[in-house]
Amino acid sequence: MPRRLPPLTALPAFEAAARHLSFSKAAGELNVTHGAVSRAIRNIEDRLGIQLFDRGTRSVRLTSVGAAYASEVRTALDQIAAATIAATPDRTAGILNVSTSDGFAGRWLVPRLHRFHRANADIDVRLSTSGVLSDFVSDGIDIAIRYGKGGYTGVTAEFLADEEVFPVCSPELLQGEHPLRQPGDLRHHKLIHDAFRIDWATWLQQAGVDGIDPKRGVRFDSATFAVEAAVHGEGVLLGRSALVSADLAAGRLVRPFDLTLKSASRYYVVYRDGALRQKKIKAFRDWLFAEVAADWVGATKDG
């Protein structure tokens, strides 16, 4: 029996309009006119005998049928895209586009990339660092390392690692006029802050320390700069396990105290469904998990 199919060439316009809730934005993404998007969607509605959008004067919204249909169409288009990539010789087969945060790239990924390149000399990694979640289609991203609470939709997301938070400092601060021996000694040292969710107020409260202003000290928007400041003896930082692991292993940083807090967010490896059929993506994914298993720094005290 022949399949009952909608006008297939109209589906990308419908999916884009459903994603943006805007015919104009869909037209811009697809490089066509607003009228072309409107006609494509009307063609689907007329062919199937359903209403996909409620059209207002200046806005559109999906009907309940339209929302359910959009979800299924998006999944089908993603599967077709993945199958096409797997079946088509790729002129950029040796280029791997990786998306992650600036901090994770600078403090964990980059110091280890030489090991990936040594084992995969035919693959060139290109890093995209941003606090914004990348789109795997429009941004050309192959694989991403994301930090959050999960729940990513329309993609495959594998749990990579938990993260812990604990004070770190230069070994120099364990000596001198006011050596760090117990949490109360922090009153004699500058506190280093970054934009992380767990802050000094939370850690000092858990440590039972009073009389220290948790907001004093130096603040950085970039976790990379905050770690650098700690390495150079500028003060004590609440270090994130992934971002300080290399410096702890090399002895550039130490852990003066035992108390560790567990972050509610975790690291995930994210990619489009079916993407592991590409050798370069599977190689990088497998390497990430091997690296984490080998030397992820957790709650063991150092120093």
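Criteria and thresholds
Residues numbered from 1 in each chain as written. Predicted model: local features only at pLDDT ≥ 70, side-chain atom pairs only at ≥ 80, totals over all residues. Heavy atoms only, no water. Pairing = 2+ DSSP bridges. Helix = DSSP H or I, 4+ residues; strand = E, 2+ residues; numbered from the N terminus. Contact = heavy atoms within 4.5 Å. Axes fitted to C-alpha atoms, helices over the stretch in contact; angles between N-to-C directions. Parallel < 35°, antiparallel > 145°, perpendicular 65-115°, else oblique. Left-handed = near helix turned anticlockwise from the far one by under 90°. Nonpolar A, V, L, I, M, F, W, Y, C, P; charged D, E, K, R; others polar. Buried < 20%, exposed > 50% of the residue type's maximum accessible area, 1.4 Å probe, protein only. Polar contact = N/O pair within 3.5 Å; in protein donor to acceptor, adjacent residues only side chain to side chain. Salt bridge = Lys/Arg side-chain N within 4 Å of Asp/Glu carboxyl O.

Right, let's talk about the sheet that holds strand 8 (residues 218–219) for a bit. With mixed pairing, the 8 strands of this open sheet are ordered in space as 4-3-5-10-6-9-7-8. Bordering the open sheet on either side are strand 4 (124–129) and strand 8, each of which pairs with just one other strand. Sheet topology places strand 7 (residues 191–193) next to strand 9 (residues 236–240); 2 bridges connect them, and they run parallel. Each residue of the ladder has a partner; that of leucine 191, found in strand 9, is valine 236. Against the sheet, helix 7 (residues 200–207) contacts strand 6 (156–168), strand 7, strand 9 and strand 10 (261–271), and its axis sits at roughly 95 degrees relative to strand 9. Taken strand by strand, helix 9 (residues 241–250) contacts strand 6, strand 9 and strand 10, and its axis lies near 60 degrees from that of strand 6.

A few words on the packing of helix 1 (residues 11–20) against helix 2 (residues 23–30). Closest axis-to-axis distance for the helix 1/helix 2 pair is 8 Å, and the angle between their directions is 125 degrees. With respect to each other, helix 1 and helix 2 are oriented oblique. Of the two elements, helix 1 crosses helix 2, and the hand of that crossing is right-handed. Residue-level contacts link Pro12, Ala13, Ala16, Ala17, Arg19 and His20 of helix 1 to Phe23, Lys25, Ala26, Glu29 and Leu30 of helix 2. Its residues placed into classes, the contact of helix 1 with helix 2 shows 7 nonpolar, 1 polar and 3 charged.

Along the chain, the position of serine 263 falls in strand 10. Under the relative-accessibility criterion, serine 263 is labelled buried at 8%. Of note is the side chain of serine 263, whose polar atom sits 2.7 Å from the side chain of tyrosine 147. Beyond its immediate chain neighbours, meaning those up to four positions away, serine 263 contacts Tyr147, Glu163, Phe196 and Ile198.

So, about the pattern of salt bridges. This model, assessed by the stated rule, comprises 19 salt bridges. The salt bridge partner of aspartate 247 is arginine 252, with a shortest N-O separation of 2.6 Å. For aspartate 247, a relative accessible area of 2% gives the class buried. Assessed through its relative accessible area of 39%, arginine 252 is described here as partly exposed. Aspartate 286 is paired through a salt bridge with lysine 282; the nearest N and O atoms lie 2.7 Å apart. Of the two residues, aspartate 286 and lysine 282 are both situated in helix 10 (residues 279–295); the distance of 4 residues between them amounts to about one turn of the helix. Assessed through its relative accessible area of 29%, aspartate 286 is described here as partly exposed. Here the salt bridges share partners, and the residues they tie into one network are Glu15, Arg19, Glu29 and Arg74.

On to the pairing of strand 5 (residues 143–148). Counting buried residues in strand 5 gives 6 out of 6 residues, a clear majority hidden from the surface. Here strand 5 shows two buried faces, one formed by Ile143, Ile145 and Tyr147 and the other by Ala144, Arg146 and Gly148. Relative to strand 5, strand 3 (residues 95–100) runs parallel, the two being bridged by 2 bridges. Within strand 5, the residue paired with serine 99 across the bridge is alanine 144. In terms of strand pairing, strand 5 meets strand 10 through 5 bridges, oriented antiparallel. Looking at the pairing, isoleucine 145 lines up with valine 269 of strand 10.

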